[in-house]
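# Commentary on secondary and tertiary structure
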Amino acid sequence: MIPLQWFMFIITLSFHIGCSYGNAFDLDLHPEHLEYYFNYFPQTLDQCKDSSKCPYQGVVKTDRCWGYEPHCNQHTAYSYPLCPGEHKGWVKSKAAQFDTFYRQADFGYVKEQREEMTVLCEPALAEDSSLECSKHLRFCRGRNIFMDLTGLNTRKEPIRYKMDVLKHGQIGGNCKFNESKLKEEADHVSPLQSWAPEMLQFTQLSSPPLTSNKCDVIIDQPTYIMKIDATVNMYHHFCDFFNLYASQHVNASHPDVFSTDVHIMIWESYTYASAFADTFRAFTRHPVWDLKTFTGLTVCFKNLVLPLLPRMIYGLYYNTPLIWGCEKSGLMEAFSKHILHRLKVRRLRRKNSKVRITLLSRDTQYRNILNEQELIEALSQEPSVKVKRVVYNRQMNFTKQLEKTYNSDILIGMHGAGLTHLMFLPDWAVVFELYNCEDEHCYKDLARLRGIKYITWEDKSKLEPQDEGHHPNGGAHAKFTNYKFDVAEFVRLVRRGVKHVKAHSKFQQYVATMHDEL
């Protein structure tokens, strides 16, 4: 027997549909993205033109496109990468270099996922279920999907990174199931690499689940189920958010694709908690669910999305094998603007045109700057800069952190997850990874994806480690010690960054606009 509170829960969920889902005039998209959205959904633009309540009357249809549409080309796409460097033997031509980067790390990656989509469970009637996935079961979506979570009642250990959450028959739908094709695609069986562990349990049901009394709970709104990486680490957790945004584009089949009237469920039994939790507000207006939300119940999802995962083989961005010589992913830039817009992070008014430098100080045991104050004092003598020291930790709200980052021209910090903030720097900015601790590609590649200037320490004879570094598992390790830096060399490298910022056309335009406002 279903408890009374679950009947109330079902009523509440149904109520949400009538309130907001499907409101074409509640887009909350970055102004630069509206043109691409309406070009992709022209019928929504027509509806807008016919309504006096639509705030987007000024938008006109153009040939601009995100990059995954069939008619889209490099001249009309959201952006196209820059490839000023050599590819070092990866490909045979400059054109192939551009194409490779676009498919690896840009909207071409989204296009590839969309083109790979294969129907694995085919409906015969409108009320039937359906299931389709991209290759290796990296992305899946389904309609009228049944899920049995009653077995979780008996599990004693918490669930995280488990591949046995579902047993055979505990997920399924009423549709013609191509089981052999699904098994053929289930070749990346790992918790954070694909949805194979879950999809291998899928079975064909004999009747439509939503109308055959199988469901204790029916979820009317679209639901994204996420298998997430380490929530304490910004670099890893933002792989989750970046892939969620990319998945919205992969799933772009309905005008409500960017609506926040969707549900998100974390595929673990731990209550979600993270210093970066604000970011979920960019994707949902509802509380984040976890497996405890439905433990002991059978649940039916009218629309279910299993998004791209953070540690896919050749995925984004943790395992991206970036081709040499290219930079500036439009997908990464669009993600940055989307998050900043949805979290209402704004550029603050400046009183002068000085280059703003933010030095990210660590409050951890290792990778601290031993002469940090000396470096700050040296920069304070530079007439064209304004320097500020910050500590990004739980004492500072994450949205406030983003505001400080977004209003920086140069971000300086030691190797560490805090440098993931570079994704939210302005286009003209520089990230100065003071020392990469012998992990040279991590943030250099992330800066390449974002399309901003990257600098790191060059002369090891001018830095002084506190000791050889002691890895917890034994042995010397560059990440497990602290460092002192030569002041003159530090200033020289910062001046290089300042020169780049001042020469950037977008910074010059911004300064000109700022003076006009003053």
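Residues numbered from 1 in each chain as written. Predicted model: local features only at pLDDT ≥ 70, side-chain atom pairs only at ≥ 80, totals over all residues. Heavy atoms only, no water.

Per an unreviewed UniProt entry, the chain goes by the name EGF domain-specific O-linked N-acetylglucosamine transferase and belongs to Diaphorina citri.

Look at helix α4 (residues 94–105): 17 Å from first C-alpha to last across 12 residues, which is about the 16 Å you get at 1.5 Å a residue. If you check which residues of α4 are buried, you get Q97, F98, T100, F101, Y102, Q104 and A105. Elements that come into contact with the buried residues of α4 comprise α5 (107–116), α9 (330–342) and α12 (442–450). (Helix = DSSP H or I, 4+ residues; strand = E, 2+ residues; numbered from the N terminus. Expected span 1.5 Å × (residues − 1). Buried < 20%, exposed > 50% of the residue type's maximum accessible area, 1.4 Å probe, protein only. Contact = heavy atoms within 4.5 Å.)

Moving on, we get to the side chain of D106. In this fold, D106 is placed in the loop between α4 and α5. For the buried D106, no salt bridge is present, and the opposite-charge side chain at shortest range is K328, 7.5 Å distant. Other than its neighbours up to four places away in sequence, D106 contacts S79, P81, F101, K328, S329, G330 and L331. (Lys, Arg positive; Asp, Glu negative; His and termini not counted. Salt bridge = Lys/Arg side-chain N within 4 Å of Asp/Glu carboxyl O.)

A few words now on the domain arrangement of the chain. By convention, interface size is frequently given as the accessible area that disappears when the constituent parts associate. If you check the domain split of the chain, you get domain 1 (109–306) and domain 2 (350–513). The C-alpha centroid of domain 2 is placed 38 Å from the C-alpha centroid of domain 1. Contacts between the two partners involve 10 residues from domain 1, matched on the other side by 12 residues from domain 2. Roughly 940 Å² of surface becomes buried between domain 1 and domain 2 when both sides are summed, with 70% attributable to carbon and sulfur atoms. Where domain 1 meets domain 2, there are 0 salt bridges. Across the side of domain 1 that touches domain 2, the residue classes break down as 5 nonpolar, 3 polar and 2 charged. (Domains from an automatic or database assignment. Buried area = accessible area lost by both parts, 1.4 Å probe. Nonpolar A, V, L, I, M, F, W, Y, C, P; charged D, E, K, R; others polar.)

Pairing within the open sheet is parallel, and its 5 strands lie in the order β13-β12-β14-β15-β16. The two strands at the open ends of the sheet, each matched to only one other strand, are β13 (385–390) and β16 (453–456). Between one strand and the next, the sheet's axes are offset by a mean angle of 20°, whatever the strand orientation. Taken together, the 4 bridges between strand β12 (residues 355–360) and strand β14 (residues 410–413) define a ladder with parallel strand orientation. (Pairing = 2+ DSSP bridges. Axes fitted to C-alpha atoms, helices over the stretch in contact; angles between N-to-C directions.)

Here we take up the state of the cysteines. Inspection of every chain in the model, using the stated rule, returns 6 disulfides. Disulfide pairing is shown between C48 and C54; the S-S distance is 1.9 Å. Given an S-S torsion of about -85°, the disulfide between C48 and C54 has left-handed geometry. Relative accessible area serves as the criterion here: at 4%, C54 is assigned to the buried category. Between the sulfur atoms of C83 and its disulfide mate C326 the distance is 2.0 Å. Its S-S torsion of approximately 105° makes the covalent link between C83 and C326 right-handed. Of this pair, C83 sits in the loop between α3 (42–49) and α4 while C326 sits in the loop between β11 (298–306) and α9, and the two are 243 residues apart along the sequence. Taking relative accessible area as the criterion, C83 reaches 6% and is therefore assigned buried. Judged by relative accessible area, C326 falls into the buried class, the value being 1%. Along the chain, the cysteines that take part in disulfide bonds pair up as 1-2, 3-4, 5-12, 6-9, 7-8, 10-11, counted in sequence order. (Disulfide = S-S within 2.5 Å.)

Attention now moves to the environment of V60. With respect to the secondary-structure elements, V60 resides in the loop between α3 and α4. Sequence-distant contacts of V60, that is, excluding residues within four places in its chain, are made with N39 and L45.

Moving on to the UniProt feature "domain: Glycosyltransferase 61 catalytic" (unreviewed entry) in the chain. The UniProt record marks residues 341–431 with the feature "domain: Glycosyltransferase 61 catalytic" (unreviewed entry), using the residue numbering of this structure. Secondary structure content for residues 341–431 is 22% helix and 20% strand, and the end C-alpha separation is 22 Å. (UniProt positions renumbered as here; feature names shortened; annotations may be inferred.)

Direction vectors running N to C along α5 and helix α8 (residues 234–250) enclose 55°, while the axes themselves pass 9 Å from each other. Our classification of the angle between α5 and α8 gives oblique. The hand of the α5/α8 crossing is right-handed. Contacts from F107, V110, Q113 and R114 in α5 reach A246, H249 and V250 in α8. Counted by class, the contact of α5 with α8 contains 4 nonpolar, 2 polar and 1 charged residues. (Parallel < 35°, antiparallel > 145°, perpendicular 65-115°, else oblique. Left-handed = near helix turned anticlockwise from the far one by under 90°.)

The next subject is empty space enclosed by the protein. Per the stated rule, a full pass over the model turns up 4 cavities of 30 Å³ or more. Considered as a void within the structure, the largest cavity measures approximately 60 Å³ in volume. Along the walls of the largest cavity sit Y161, K162, P191, L192, M226, K227, I228, W267 and E268, which together make up its complete lining. By residue class, the composition of the lining of the largest cavity is 6 nonpolar, no polar and 3 charged. (1 Å grid on protein atoms, 1.4 Å probe; cavity = no way out; pocket = protein on both sides within 12 Å on 5 of 7 lines; lining within 4 Å. Points joined across faces, edges and corners; volume = space filled by probe spheres on them.)

On to the side chain of H33. Tracing the backbone shows H33 in helix α2 (residues 31–40). The contact partners of H33, leaving out residues within four places of it in the chain, are W66, Y78, Y245, A334, K337 and H338.

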